[in-house]
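The chain contents come next:
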Amino acid sequence: MVGIILATHGGFSEGILQSGSMIFGDQPNVAAVTLMPENGPADVRAKMEEAVASFDDPDQVLILVDLWGGTPFNQANGLINGHEDTWAIVAGLNLPMLIDAYGARFDESATAHQIAAQISGSAKDGVKIYPQSLEPAPAEAAPAAAASNVPQGAIPEGTVLGDGHIK
């Protein structure tokens, strides 16, 4: 089973762990790591290392952090060195993401990478605005073919091919 570390500034990780338990029940192989004002980066890293050591499968670890570039992320990023093939970090921790991660672990063959890819969508979908009129309009992709007057799929007459001779 993929182990999950919830690493955040302040008590957020403990609070979201409790919220997740209220919805999904207590989960094995999940640890909350907090960065408190009296802690330094080395303290956070040590807590993460303790969490990994407590997991049933320390080869499959998913680290969910609150903020990209913050101390929990930076320490996770250093810790993942050498484990990039089996561990993953996802920033922007929210409750829909955590619930999705818990559900994904029912598939015993699921990897940390697979779960990380899956929960990204639920994390983004969990952000909504009400009233809906305040939601930003979806960005429209510019049609690539309309941006160019060059014919697509045809080689222009007189193009040099292969041996350098005009065909």
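Just above sits the structure.
These figures come from a predicted structure and were not determined experimentally.

Now for the packing of helix α1 (residues 12-24) against helix α4 (residues 95-104). One way to put it is that α1 packs onto α4 with a least axis distance of 10 Å and a crossing angle of 55 degrees. Judged on the interaxial angle alone, α4 and α1 are oblique. Note that α1 runs across α4; the crossing there is right-handed. Residues Ile16, Leu17, Ser19, Gly20, Ile23 and Phe24 of α1 pack against Leu95, Leu98, Ile99, Tyr102 and Gly103 of α4. Residues belonging to the contact of α1 with α4 are distributed by class as follows: eight nonpolar, three polar and no charged.

Among the five residues of strand β3 (residues 61-65), five are classified as buried, and the element is accordingly described as predominantly covered. Residues Val61, Ile63 and Val65 point to one face of β3 and Leu62 and Leu64 to the other, with burial holding for every one of them. Bridge analysis of strand β1 (residues 3-9) against β3 gives five bridges, and the strand direction is parallel. Following the sheet pairing, leucine 6 is matched in β3 by leucine 64. Bridge analysis of β3 against strand β4 (residues 88-91) gives four bridges, and the strand direction is parallel. The residue bridging leucine 62 from the neighbouring strand is alanine 88, located in β4.

For the rest of this paragraph, the subject is the environment of glycine 121. Position of glycine 121 relative to the elements: it lies in helix α5 (residues 112-125). Owing to a relative accessible area of 30%, glycine 121 belongs among the partly exposed residues under this scheme. For the pair glycine 121 and methionine 97, spaced 24 residues apart in the sequence, the C-alpha separation amounts to 8.2 Å.

What follows deals with the pattern of salt bridges. Here the idea is simple: oppositely charged side chains can pair when their charged atoms come close. For the structure on display, the rule yields one salt bridge. Salt-bridge contacts for arginine 45 lead to glutamate 49; the nearest nitrogen and oxygen are separated by 3.2 Å. With a gap of four residues between them, arginine 45 and glutamate 49 both fall in helix α2 (residues 41-54), about one helical turn apart. According to the relative accessible area criterion, glutamate 49 is partly exposed, its value standing at 39%.

All right, on to the sheet that holds strand β2 (residues 30-35) then. The parallel open sheet is built from four strands, whose spatial order is β2-β1-β3-β4. The sheet terminates laterally at β2 and β4, the two strands that pair on one side only. This sheet shows a mean twist of 20 degrees between the axes of neighbouring strands, independent of strand direction. The sheet strands contacting α2 are β1, β2 and β3, and the helix crosses β2 at an angle near 175 degrees. Where helix α3 (residues 71-80) meets the sheet, its contacts fall on β1, β2, β3 and β4, and the angle it forms with β4 comes to roughly 165 degrees.

All right, on to the nonpolar core then. By size, the foremost hydrophobic cluster in this structure holds 21 residues, and its most contacted members are Ile4, Leu6, Leu62, Leu64, Ile115 and Ile119. Elements supplying a minimum of two residues to this core: β1, β3, β4, α4 and α5. With residues up to four places along the chain from it excluded, the contact list for isoleucine 119 reads Leu62, Leu64, Val90, Met97, Asp100 and Ala101. Membership of the second largest hydrophobic core comes to 19 residues, among which are Ala31, Val52, Ile63 and Val65.

Calculation notes
Residues numbered from 1 in each chain as written. Predicted model: local features only at pLDDT ≥ 70, side-chain atom pairs only at ≥ 80, totals over all residues. Heavy atoms only, no water. Axes fitted to C-alpha atoms, helices over the stretch in contact; angles between N-to-C directions. Helix = DSSP H or I, 4+ residues; strand = E, 2+ residues; numbered from the N terminus. Parallel < 35°, antiparallel > 145°, perpendicular 65-115°, else oblique. Left-handed = near helix turned anticlockwise from the far one by under 90°. Contact = heavy atoms within 4.5 Å. Nonpolar A, V, L, I, M, F, W, Y, C, P; charged D, E, K, R; others polar. Buried < 20%, exposed > 50% of the residue type's maximum accessible area, 1.4 Å probe, protein only. Pairing = 2+ DSSP bridges. Salt bridge = Lys/Arg side-chain N within 4 Å of Asp/Glu carboxyl O. Core = buried A, V, L, I, M, F, W, Y, C linked by side-chain atoms within 4.5 Å.

These figures come from the coordinates and say nothing about function on their own.
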